[in-house]
Amino acid sequence: MDKAIIPCLLFLFISFAGFSQSTANASQQAPKPLKFLKKQVAAESYESVEVFDVNNDKIPDIVSGGYWYEGPSYWKRNYIGPVKKVGEYWDEFSTIPLDVNGDGRIDFVTGGWFGKTLTWRENPGNNKEWPEHAIAETGNIESSRSWDIDGDGVQEIVPNTPNDPLVVYRLVKDGQGKGTGKFEVSKISDSKSGHGLGFGDINGDGRGDLIVSGGWAEAPVNPFKDPWTFHGDFSLGTSSVPVLVADVNKDGLNDLIVGQAHSYGLDWYEQKKDKKAKVSWVKHSIDPFNSQFHTMKWVDLDGDGKEELLTGKRYRAHNGNDPGENDPLGIYYYKWTGESFTKQVISFGPFGEGKGLGVYFSVADLTGSGRKDIIAAGKDGLFVFYNKGAE
């Protein structure tokens, strides 16, 4: 062999070995994607689902639309009551668990676009129909969420009413802190809410603020006595319910994570402050290639102590009339790497193969495994995705 070739071969060998080692290190550092076992619970086309213990047997049950499914197998279906249907829609766009009347049984709060009324369904504690009670006439409800706005340990109900002002409904409690079946009303803003709703501490004062499509309402010290201050800092479009508030890049400032509910786009808005403490928002794309990101959660799916972004498509959000409506369905989680989000697919494919998330979904440990499972309703059926870990 020509002696001149030996150094070249040695260089190539060292380079290849270094490349192999760096690739191996990267492979060891990169988390393995989670695996999920998909199980269909029902073919019902309700778009909202939640998990809570209906019958007080300490086993989580699944509640969706007009039925609840008894755990742990979820084969036994129990009737709740009728739900109004308008075209393709069941007029029930949330399932918020709350012991409204203080009887020790979990009820739920709901409401829809067409009925324009926030209601609660009373858990009767037997197999009888659940009575429905009106809370308030609110206007069209896109969906509702609940947050503990005043820090008293009981969540308040906040419907997203795009055509009406932002209003919070607070459960009235008795002297023992139990619900009375009644709610107090607090108007946060007089202007129309727009499509989208979120909650979190925007300005770092330790109080949770409310986010709508056109800005955010700053919480006062006494949120149900003093006026809120509105800041029209951004325009988020037909944004998700919820808009997530999280310090994505760990710089001490809370950011926003926003899906486009009726078009393409999933983004995060980085909060920045200049030397004079003036706030600006820098938009970063997460996933521009999918549409109808109507709902999402910021949750630790893989048990590493860090939250992932969990979201997916709402199937036939506007009955086939939105951009991307004919694209495949999907549920995804996005993991923050320190610089950007990486995407992992939980479910993907055409109708019948892929699955969407509807307008209100749940994450809960259904089996006692310590891992969070995903429970998703929608016009494409009710399914559980059992989290099997990174097997």
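Now for a look at the structure at hand.

Calculation criteria
Residues numbered from 1 in each chain as written. Predicted model: local features only at pLDDT ≥ 70, side-chain atom pairs only at ≥ 80, totals over all residues. Heavy atoms only, no water. 1 Å grid on protein atoms, 1.4 Å probe; cavity = no way out; pocket = protein on both sides within 12 Å on 5 of 7 lines; lining within 4 Å. Points joined across faces, edges and corners; volume = space filled by probe spheres on them. Helix = DSSP H or I, 4+ residues; strand = E, 2+ residues; numbered from the N terminus. Nonpolar A, V, L, I, M, F, W, Y, C, P; charged D, E, K, R; others polar. Pairing = 2+ DSSP bridges. Axes fitted to C-alpha atoms, helices over the stretch in contact; angles between N-to-C directions. Buried < 20%, exposed > 50% of the residue type's maximum accessible area, 1.4 Å probe, protein only. Phe/Tyr/Trp six-rings, centres within 6.5 Å; stacked < 30°, edge-to-face > 60°. Salt bridge = Lys/Arg side-chain N within 4 Å of Asp/Glu carboxyl O. Polar contact = N/O pair within 3.5 Å; in protein donor to acceptor, adjacent residues only side chain to side chain. Contact = heavy atoms within 4.5 Å. Core = buried A, V, L, I, M, F, W, Y, C linked by side-chain atoms within 4.5 Å.

Topic: the layout of surface pockets
Here the largest pocket defines a volume of roughly 490 Å³. Considering the residues around the largest pocket, the lining is formed by 21 residues, among which Arg145, Ser146, Trp147, Pro242 and Lys297 are closest to the centre. With four residues, strand β24 (residues 296-299) is the single largest residue contributor to the lining of the largest pocket. Along the lines of polarity and charge, the residues of the lining of the largest pocket split into 14 nonpolar, four polar and three charged.

Some remarks on the sheet that holds strand β2 (residues 50-52)
Judged by pairing direction, the sheet is antiparallel, and its four strands sit side by side in the order β2-β3-β4-β5 without closing on themselves. Both edges of this open sheet fall to β2 and β5 (77-79), since each of them pairs with a single strand only. Between one strand axis and the next, the sheet turns by 30° as a mean value, whatever way the strands run. Sheet topology note: the strand β4 (residues 67-69)/β5 ladder contains three bridges and is antiparallel. If you follow Tyr67 over to β5, its bridge partner there is Tyr79.

Focus on the pairing of strand β29 (residues 373-376)
With burial as the criterion, each face of β29 is covered, one bearing Asp373 and Ile375 and the other bearing Ile374 and Ala376. Bridging between strand β28 (residues 362-364) and β29 involves three bridges; their strand directions are antiparallel. Across the sheet, residue Ser362 finds its bridge partner in β29, namely Ile375. Alignment of β29 against strand β30 (residues 382-387), held across three bridges, turns out to be antiparallel. From the neighbouring strand, Ala376 faces β30, where its bridge partner is Phe383. Once β29 ends, the chain turns through five residues before running back antiparallel as β30, passing Gly378 with a positive phi of about 150°.

A word on the sheet that holds strand β1 (residues 36-42)
Spatial ordering of the open sheet is given by β1-β30-β29-β28, a layout of four strands whose pairing is antiparallel. The sheet is open, and its two borders are formed by β1 and β28, each paired with just one other strand. Strand-to-strand twist across the sheet, computed as the mean angle between neighbouring axes with direction ignored, equals 20°.

Things to note about the packing of aromatic side chains
According to the stated counting rule, one finds 12 aromatic pairs in the structure shown. Between Trp298 and Phe341, the ring centres sit 6.4 Å apart and the planes meet at 75°, which makes this aromatic pair edge-to-face. Of the two residues, Trp298 sits in strand β24 while Phe341 sits in strand β27 (residues 341-349), which places them 43 residues apart along the sequence. By relative accessible area, Phe341 is classed as buried at 13%. Centroid distance Tyr315 to Phe351: 5.1 Å. Interplanar angle 20°. Geometry classified as stacked. In this pair, Tyr315 is assigned in the loop between β25 (308-312) and β26 (329-336) and Phe351 in the loop between β27 and β28, connecting sequence segments 36 residues apart.

Side note on the pattern of salt bridges
With the rule as written, the count across this model stands at 18 salt bridges. A salt bridge links Lys343 to Asp287, with the nearest nitrogen and oxygen atoms 2.8 Å apart. Here Asp287 lies in the loop between β23 (279-285) and β24 and Lys343 lies in strand β27, a separation of 56 residues in the sequence. With a relative accessible area of 35%, Lys343 lands in the partly exposed category. The class for Asp287 is buried, based on a relative accessible area of 2%. Here the salt bridges do not stand alone but share partners, grouping Asp302, Asp304, Glu308 and Lys335 into one network.

Section: the side chain of Ser362
Within the secondary structure, Ser362 is located in strand β28. At 2.7 Å, the side chain of Ser362 forms a polar contact with the side chain of Glu50. The contacts of Ser362, once residues within four sequence positions are left out, are Val49, Glu50, Val51, Lys297, Asp373, Ile374 and Ile375.

What about empty space enclosed by the protein?
The rolling of a water-molecule-sized probe over the atoms marks out the regions of remaining empty space. According to the stated counting rule, one finds one cavity of 30 Å³ or more in the structure shown. A volume near 40 Å³ is recorded for the largest cavity. Looking at the largest cavity, the residues that line it are Leu166, Ser189, Ser191, Lys192, Ser193, Val212 and Phe230. It is strand β15 (residues 179-192) that contributes the most residues to the lining of the largest cavity, three residues altogether. Split by residue class, the lining of the largest cavity holds three nonpolar, three polar and one charged.

Focus: the nonpolar core
The tendency in soluble globular proteins is for nonpolar side chains to be buried as a group. With 19 residues, the main nonpolar core has Leu98, Val109, Ile135, Ile157, Tyr169 and Phe183 as its most contacted residues. At the level of elements, β8 (96-98), β10 (117-121), β11 (132-137) and β14 (165-173) are the ones that each hand at least two residues to this core. With three residues, β14 is the largest single contributor of residues to this core.

Observations concerning unusual backbone geometry
Cis geometry is found at the peptide bond from Gly71 to Pro72, where omega equals 10°. Assignment of secondary structure puts Pro72 in the loop between β4 and β5. Cis geometry is adopted by the peptide bond preceding Pro242, which originates at Val241 and carries an omega value of 10°. Secondary-structure assignment places Pro242 in the loop between β19 (229-231) and β20 (244-246). Phi is positive for Lys58, close to 70°, though the residue is something other than glycine.

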